[in-house]
Each structure stands twice: as C-alpha cells, then as structure tokens.
Amino acid sequence: MPSRRFILSVFAGLLFATSAWAQDGNKVEEMLTRASKLVNGGSIESGTKLYKEVLALRPDNVDALFSLVQISDAVQDFYGVVFYGKAYLVVAFDDVDRPDIERKIERAKDRLQFPGKLKIQIYPEDAEILVNGLALGKGTLELPLKPQENYIVESSYKDHVPFKVEVNLRQSEEKLITKRLEKITFFGELQIKLVPTQTGVEVFIDSASAGVDVASQRLSEGRHLVCLRKAGFDRWWRYVDVPRNDKFQLEAQLFESPEN
C-alpha cells in the first residue's frame, strides 16, 4: 500500500493524511496538501471544503476520506464519521488505519440521536451502491441518515440500467429501498447467405419462424439456434453467437433429401 505522511492538527492527537500518492496526479496531491495546511492552520471549514473537492474529482481517494473522518470525529459530526468512514472502508482494503476507522464508525453510531434509517437492497448483489457520489457498498447497505437532509442514492452494474433516487427522512423514520436492476438487451445482426442461392427457404430462429428467404435478422446478443427448411431438402441447423453491435455472417448449403 502507498506510504502516508501525517501532520499534527490543531486538534489534540488528531492526524491528517497528506500522502504524496495521489490518484489524480499533481493536482489532487496539491489539493490534499493545501487542505491539510488549512486545517492545521485552523481553517477547518475551508480545509473540509477542499477535501470534498478532491472527492468530487476522485471519489475513491483514501487520503481525503481518511481526513474527513478525522475532521468529522473531532467536531463531533457523527453522521460525517459514519458516511465518510463507510466510503473509506470500501476503498482502503489493506490500510493499517482500518481498525481505527471501524471503531470510530461504531462509536459515532452510538451517539446519533433519532437518525433516519435507510436500508438498501440492490440486485444483482454485486451492484455498487453510491450515496451522494461515494461508493458505500455493494448489494446491501444500512446507513443512518441525518434527518431532513437530501441524499442521492445510485446503483449501477455492468450491462444493466442504472438506478437513481433521492431520499429525505424524518427523525427515526425507517425506509427500505429494494431494486432489481433491469438488464440491458444488446443486439447484433445475423446475415444468412445460401450457397448456391436458393429461394423458398423458411428460416427458424430459436424454434420460431422468422420468415421465408430471410437474408438478415436483428437478434439479441448471444447464442441462437438457426434452422433452415425447404421441401425436398434435408433440414439444416446450427448454433450461432451473435455479437454485440456487430454482424455474424452465416453461409449454409442445403442438400436434397435422398428420399426424393
């Protein structure tokens, strides 16, 4: 894992991360350094704002998340501790500070008074869940929310339609959001060429008739069974894999039936 250097803040015993490792190049590194100097100089609000600007550029920046947890804990913003702490745990897989952040999260939860309680269940279970732009988990998430404050909940998964909803809870209100993401159907084109050219050939795709003398057919991406039938000829069939947003060219030759 990347090295991290710490500086002493105005809060007794509070440390802030200002790693030279920056995921968005020099700009993010400079922003992290300026934010730390601001906080260390007593400009807590300005420093916090700058850390949040880093997250707007790189939502998975470990240093910004770590620092915001520490600031939130110091100013007793327990919702901030839980929110940024959960985001930190998602991206800081092997960070040495994980146990400390986990303890801070549990301590902050105990100090919340009448929070809104949001539970999210998304399918597929590997779908990422974001709240206000930060990834907080996958599939299932339970999160205390600050009452009367707007939160944007989003979820996405490869080849599925993204989901987005705004949530605002009252004190002690509980809400369950359950969503099965809709799978996106992609299409390709099947082109059929008979060698030698023939007419009167009925085309079946996945056991359903597509018509007679079909030269091309728009089909969903993936495997399909193609069958060609013509009176007096042997039935011809084959599985084909139709590519996404592309064409599959199929050549077929029909042979007269020995019974004729």
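Note that this is a predicted model, so its numbers are computed, not measured.

Enquirer: Sorry if this is basic, but what is going on with the overall build of the protein chain here?
Expert: For the protein chain, the count of helices and strands is five helices and 16 strands. For a compact globule of 260 residues, the expected C-alpha radius of gyration is about 18 Å, and the protein chain comes in at 29 Å, more than 25% above that figure. Taken along the three principal axes of its C-alpha coordinates, the protein chain extends 95 × 45 × 25 Å. Across the 260 residues that make up the protein chain, the buried fraction comes to 40%. Of the contacts formed within the protein chain by residues at least 6 apart in sequence, a portion of 51% connects residues at least 24 apart. Just so you have it, the protein chain exposes about 14800 Å², and 47% of that area is on carbon and sulfur atoms. Looking at charge distribution, the protein chain has the averaged site of its 35 positive side-chain charges lying 3 Å from that of its 38 negative ones.

Enquirer: Would you take a moment to explain helix α4 (residues 78-91) for this structure?
Expert: Every α-helix winds through 3.6 residues per turn, so residues three or four apart in the chain are directed the same way. End to end, α4 covers 20 Å across 14 residues, agreeing with the expected 20 Å (1.5 Å per residue, within 8%). Summarising burial for α4: 12 of the 14 residues are buried, a large majority. Burial in α4 covers these residues: Phe78, Tyr79, Gly80, Val81, Val82, Phe83, Tyr84, Gly85, Lys86, Ala87, Tyr88 and Leu89. In this fold, the buried residues of α4 make contact with α2 (44-57), α3 (62-74), α5 (98-111), β4 (128-131), β5 (134-138) and β6 (140-145).

Enquirer: Explanation requested: the sheet that holds strand β14 (residues 222-229) in the structure shown.
Expert: Each strand in a sheet pairs with another by means of backbone hydrogen bonds, the pair being arranged parallel or else antiparallel. Spatial strand order, β12-β11-β14-β15: four strands in an open sheet with antiparallel pairing. Every interior strand has two partners, whereas the edge strands, β12 (208-212) and β15 (236-242), have only one. Pairwise comparison of adjacent strand axes, ignoring direction, gives a mean angle of 25 degrees for this sheet. Sheet topology note: the β14/β15 ladder contains seven bridges and is antiparallel. Looking across to β15, one finds that Val226 is bridged to Arg238.

Enquirer: Help me understand the pairing of β4, please; the structure alone is not making it clear to me.
Expert: Regular strands place their side chains on alternate faces of the sheet. Here β4 pairs with β5 via four bridges, running antiparallel. By the bridge assignment, Ile129 is partnered in β5 with Gly137. Count of turn residues in the β4/β5 antiparallel hairpin: two residues, of which Asn132 carries a positive phi of about 50 degrees. Note: β4 against strand β7 (residues 151-156), four bridges, orientation antiparallel. What sits directly across from Glu128, in β7, is Ser156.

Enquirer: Help me out: how do you make sense of the packing of α3 against α5 in this one?
Expert: The geometry of α3 relative to α5 is characterised by a closest axis approach of 11 Å and an angle of 40 degrees between their N-to-C directions. Relative to α5, the element α3 lies oblique. The way α3 lies across α5 gives a crossing that is left-handed. Here Phe66, Val69, Gln70 and Asp73 of α3 come into contact with α5, specifically with Asp100, Ile101, Lys104 and Arg107. Here the residues of the contact of α3 with α5 sort into three nonpolar, one polar and four charged.

Enquirer: For this particular structure, what's the right way to read the packing of aromatic side chains?
Expert: Here a ring pair, both rings aromatic, is described through the centre-centre distance and the interplanar angle of the planes. A full pass over the atoms with the stated rule returns three aromatic pairs. With centroids separated by 6.1 Å and ring planes inclined at 50 degrees, the aromatic side chains of Phe66 and Tyr88 adopt a geometry described as tilted. With Phe66 in helix α3 and Tyr88 in helix α4, the pair connects residues that are 22 residues apart, well separated along the chain. Assigned by exposure class, Phe66 and Tyr88 land together as buried. Consider the rings of Phe83 and Tyr84, whose centres lie 5.1 Å apart with planes at 70 degrees: the pair is edge-to-face. Using a relative accessible area of 11% as the deciding quantity, one classes Phe83 as buried. We note Arg180 situated over the ring of Tyr123; from NZ or CZ to the ring centre the distance is 4.8 Å. The ring of Phe186 has Arg244 sitting right over it, with the charged end atom 3.7 Å from the ring centre.

Enquirer: So what exactly am I meant to see when it comes to the nonpolar core here?
Expert: Among the nonpolar cores identified, the biggest contains 49 residues, and Tyr51, Tyr84, Tyr88, Leu118, Val131, Leu134 and Leu136 are the most heavily contacted of them. Top contributing element to this core by residue count: α4, with nine residues. In this view, Leu134 contacts Leu55, Pro59, Leu65, Phe83, Tyr84, Ala87 and Ile129; residues no more than four positions away in its chain are not counted. In terms of nonpolar packing, the next biggest core, distinct from the first, is built from 16 residues, Ile205, Leu228, Val240 and Leu254 among them.

Criteria and thresholds
- Starting afresh in each chain, residues are numbered from 1 along the sequence in its written order.
- Confidence filtering applies because this is a predicted model: local features only for residues at pLDDT of at least 70, side-chain atom pairs given and counted only at 80 or more, and all residues used for totals across whole chains, interfaces and linings.
- Each side-chain value is derived from all of the structure's non-hydrogen atoms; neither hydrogens nor water enter the calculation.
- A run of DSSP states H or I qualifies as a helix once it reaches four residues; a run of E qualifies as a strand once it reaches two. Both are numbered from the N-terminal end.
- With the radius of gyration taken over C-alpha atoms, the globule rule is written as 2.2 Å times the number of residues to the power 0.38.
- Each residue is assigned to one of three classes by its accessible area relative to the maximum for its type, calculated with a 1.4 Å probe on protein chains only: buried under 20%, partly exposed between the two thresholds, exposed over 50%.
- Working rule for contacts: check all heavy atoms of both residues, and any pair within 4.5 Å makes them a contact.
- Residue burial considers only the protein chains on display, and all accessible areas are found by Shrake-Rupley using a 1.4 Å probe.
- Positive charges are assigned to Lys and Arg, negative charges to Asp and Glu, while His and the chain termini are left out of the count.
- Each charge is placed at NZ for Lys, CZ for Arg, CG for Asp and CD for Glu.
- Each residue after the first adds 1.5 Å to the expected span of a helix.
- Strands are labelled as partners when DSSP assigns at least two bridges between them.
- Axes here refer to lines fitted to C-alpha atoms; in helices the fit is confined to the stretch in contact. Angles between the N-to-C directions go from 0 to 180 degrees.
- Geometric relationships in this document are graded by angle, where less than 35 degrees denotes roughly parallel, more than 145 denotes roughly antiparallel, 65 to 115 denotes roughly perpendicular, and other angles denote oblique.
- Left-handed is the label given to a crossing in which the near helix is rotated counterclockwise from the far helix by less than a right angle, and right-handed is the label when the rotation is clockwise.
- When residues are grouped by polarity, Ala, Val, Leu, Ile, Met, Phe, Trp, Tyr, Cys and Pro land in nonpolar, Asp, Glu, Lys and Arg in charged, and all others, Gly among them, in polar.
- Between the rings of Phe, Tyr and Trp (Trp by its six-membered ring), a pair exists once the centres lie within 6.5 Å; its type follows the angle of the planes, with under 30 degrees stacked, over 60 edge-to-face, and the other angles tilted.
- In this scheme, the term charge over a ring applies when either NZ of a lysine or CZ of an arginine sits within 6 Å of the ring centre and within 35 degrees of the ring normal.
- Throughout, nonpolar core names a set of buried Ala, Val, Leu, Ile, Met, Phe, Trp, Tyr and Cys residues whose side chains join them through atoms within 4.5 Å.

Function cannot be read off these values alone, since they describe shape.
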